[in-house]
Amino acid sequence: MMPPAPKDVGLFSEGPLEILGLSQEQFSEAAQEVLSALGEPHYRMHQLRDWIYKRTPDRFELMSDLPRPLRERLQESLILHPLDFELEKISRDKTRKSLWRRKEGGTIESVLIPEPSRTTYCISTQAGCPVKCTFCATGVGGFLGQLRASEIVDQVVSMRQRTGTPPTNIVYMGMGEPLLNFEAVLRSLEVLTDPNQVGFGARRITVSTVGIPERMRRLGDLFPQVKLALSFHAARDELRDQIIPLNRKYPLKEVLAAARDHARATGKRVTFEYIVLPGVNDTQRDSREIGRRLRDIPSRINLIGFNPFRGAPYEKPSVQRLLVFRNWLERDYGGTVTIRRSRGEDIDGACGQLSLRRLEARG
Ligand code: SF4
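Residues numbered from 1 in each chain as written. Predicted model: local features only at pLDDT ≥ 70, side-chain atom pairs only at ≥ 80, totals over all residues. Heavy atoms only, no water.

## Focus: the overall build of the protein chain
When helices and strands are counted, the protein chain shows twelve helices and 14 strands. A compact globule built from 363 residues would reach a C-alpha radius of gyration of about 21 Å, and the protein chain, at 22 Å, matches this within 12%. Per-residue burial over the protein chain gives 56% buried out of 363 residues. A sequence separation of at least 24 residues applies to 66% of the contacts in the protein chain between residues at least 6 apart. Once the 55 positive and 45 negative side-chain charges of the protein chain are each reduced to a mean point, those two points are 5 Å apart. (Helix = DSSP H or I, 4+ residues; strand = E, 2+ residues; numbered from the N terminus. Rg over C-alpha atoms; globule rule 2.2 N^0.38 Å. Buried < 20%, exposed > 50% of the residue type's maximum accessible area, 1.4 Å probe, protein only. Contact = heavy atoms within 4.5 Å. Lys, Arg positive; Asp, Glu negative; His and termini not counted. Charge placed at Lys NZ, Arg CZ, Asp CG, Glu CD.)

Here it is as structure tokens:
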């Protein structure tokens, strides 16, 4: 007869554990408990790590070189995937957007962006978003909950397993404001970058925020290799207050001071993301103000043309308008300014659009 499952001891006292959200020490402890209960040898630990973090099949049952009783015990004691795959849309430009169903209901999304020299995964950190930026479909859809660390990691390992195309870069730029789900984001970074877990290079990860100063600094202290992107979008508080409501709590002066500190502490340039909203934030005055504010911050600017969604209060800028604004910025700011191509427009490519469309469809 099989020994009892480790339900009431240590890490297992609250029921099955979501393995992808455990730190490296917690994983070792949990795995050891299961292995000891079945009298399995220690080398199974390495097999388990390999299956869970590197190969990540749909179910424990598919871990073919583990003995059946062990697979059954793992199935009983641990949750491998907290997210269920719901659907995928593939754009004409080969951008792939996945929609995942949460166990507690509701959906979140992740995007795979293929380019000739890299494959970027864009992942979500919240279901919906409480910040309600006016240019963002996720903000319009409202806030439905925080993702657990296991759900953040699952987007990466499941997308890798489903598509067969591993990421070269990971960006925390999907649904949600990462620094408003800070502890889960930190844990997910730990799991993704630990060589004994997923083992992805920290310097190829970017966390994007609208700006929460103390957490930007703490992120730099804890993960100095991880890059920071700031959703900037306006260089004047009166305009930024309107389009990013959190700016009223953390005004530009404080946010930019934190960005400067982050660049100093990590030695890395901050990327300033700037969505061009024609007639709203793309005047010569805006360009001069950006130059004044950012000149002494080691940084680069990414311009992104607004990608309209149903009910959005802005238009898509013409290519000409983007180029003119970039020229002004090159004069006023002096650093690198690039125009980022909008991807996956035919599949509701901007963050939150696919989930929003489904919410609408369900009435
Ligand atoms: Fe939230 Fe980011 Fe969208 Fe703003 S841009 S509403 S912070 S997901």
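## Regarding the packing of aromatic side chains
Evaluation of the coordinates by the stated rule reveals eight aromatic pairs. Taken together, Phe232, Phe272, Tyr274, Phe325 and Trp328 form an aromatic cluster joined through their ring pairs. When the ring centre of Trp51 is taken as reference, the NZ or CZ atom of Arg55 above it lies at 3.7 Å. A cation over a ring is seen here: Arg204 above Phe200, with NZ or CZ 4.5 Å from the ring centre. (Phe/Tyr/Trp six-rings, centres within 6.5 Å; stacked < 30°, edge-to-face > 60°. Lys NZ or Arg CZ within 6 Å of the ring centre and 35° of its normal.)

## Things to note about the side chain of Arg160
Looking at the secondary structure, you find Arg160 in helix α5 (residues 149–163). No salt bridge is formed by the buried Arg160, whose closest oppositely charged neighbour, Asp50, lies at an N-O distance of 8.6 Å. Discounting residues that sit within four places of it in the chain, Arg160 has contacts with Tyr53, Lys54, Arg55, Thr56, Tyr121, Thr165, Pro166, Pro167 and Val198. (Salt bridge = Lys/Arg side-chain N within 4 Å of Asp/Glu carboxyl O.)

## As for the nonpolar core
Grouped together as the largest cluster of nonpolar side chains are 101 residues, with contacts concentrated most on Ile52, Phe135, Tyr172, Phe232, Phe272 and Ile301. With seven residues, the single largest contributor to this core is helix α6 (residues 182–193). Formed jointly, this core draws a minimum of three residues from each of two domains, domain 1 (10–79) and domain 2 (83–361). Excluding anything up to four places from it in sequence, Tyr172 contacts Ile123, Thr125, Ile152, Pro178, Val185, Ser188, Leu189, Leu192, Ile205, Thr206, Val207 and Ser208. (Core = buried A, V, L, I, M, F, W, Y, C linked by side-chain atoms within 4.5 Å. Domains from an automatic or database assignment.)

## Looking at the site of the ligand
Near the ligand the following residues occur: Cys129, Val131, Lys132, Cys133, Phe135, Cys136, Gly139, Gly176, Glu177 and Val210. Grouping the constituent residues of the shell around the ligand by class yields six nonpolar, two polar and two charged. (Near = heavy atom within 4 Å. Nonpolar A, V, L, I, M, F, W, Y, C, P; charged D, E, K, R; others polar.)

## What about the packing of α5 against α6?
Two packed helices can be described by the angle between their axes and the distance between those axes. Remark: α5 packs on α6, axes separated minimally by 8 Å, with the N-to-C direction vectors making an angle of 45°. Relative to α6, the element α5 lies oblique. Crossing angle aside, the handedness with which α5 passes α6 is right-handed. On the side of α5, the interface is formed by Ala149, Ile152, Val153 and Val156, while α6 contributes Ala184, Val185, Arg187, Ser188, Val191 and Leu192. (Axes fitted to C-alpha atoms, helices over the stretch in contact; angles between N-to-C directions. Parallel < 35°, antiparallel > 145°, perpendicular 65-115°, else oblique. Left-handed = near helix turned anticlockwise from the far one by under 90°.)

## Here's the deal with the pairing of strand β6 (residues 118–122)
In terms of burial, β6 is largely enclosed, as four of its five residues are buried. Bridge analysis of strand β5 (residues 107–115) against β6 gives five bridges, and the strand direction is antiparallel. Counterpart to Glu115 in the pairing with β6 is Arg118. From the end of β5 to the start of β6, which pair antiparallel, there are two residues. (Pairing = 2+ DSSP bridges.)

## Some thoughts on helix α11 (residues 319–332)
The first and last C-alpha atoms of α11 sit 20 Å apart over 14 residues, in line with the 20 Å expected at 1.5 Å per residue. Along α11, the residues classified as buried are Leu322, Phe325, Leu329 and Asp332. Projected onto a plane normal to the axis of α11, the buried residues spread over an arc of 95° and lie on a single side. Seen from the open side of α11, the exposed residues pointing more than 90 degrees away from its buried face are Val319, Gln320 and Arg331. Downstream of α11 by a residue or two, Gly334 has a phi angle that is positive, lying close to 90°. (Expected span 1.5 Å × (residues − 1). Arc of directions from axis to C-beta.)

## Section: the confidence of the model for the protein chain
The predicted coordinates of low-pLDDT regions are not to be read in fine detail. Here the protein chain averages 92 in pLDDT, and 91% of its residues register 70 or above. pLDDT under 50 marks residues 358–363. Its contacts with residues more than four places away, or in other chains, come to seven contacts. (pLDDT = per-residue confidence, 0-100.)

## Digging into a nonpolar patch on the surface
Together, Val319, Leu323 and Ile339 line one region of the surface with nonpolar side chains, adding up to about 230 Å² of accessible area. Here Ile339 shows up in strand β14 (residues 336–340). Here Ile339 falls in the partly exposed class, since its relative accessible area comes to 32%. (Patch = residues over 30% accessible without salt bridge, like charges linked within 9 Å, V, L, I, M, F, W, Y side chains within 5 Å. Areas by Shrake-Rupley, 256 points an atom, 1.4 Å probe, with all protein chains shown as cover.)

## Some words on the side chain of Thr209
Positionally, Thr209 belongs in strand β10 (residues 205–209). Taking the relative accessible area as the measure of exposure, Thr209 reaches 1% and is therefore buried. A polar contact of 2.8 Å, which involves the side chain of Thr209, links it to the side chain of Glu177. At 2.9 Å, the side chain of Thr209 and the backbone nitrogen of Gly211 are in polar contact. Other than its neighbours up to four places away in sequence, Thr209 contacts Glu177, Leu179, Met216, Leu228, Ala229, Leu230 and Ser231. (Polar contact = N/O pair within 3.5 Å; in protein donor to acceptor, adjacent residues only side chain to side chain.)

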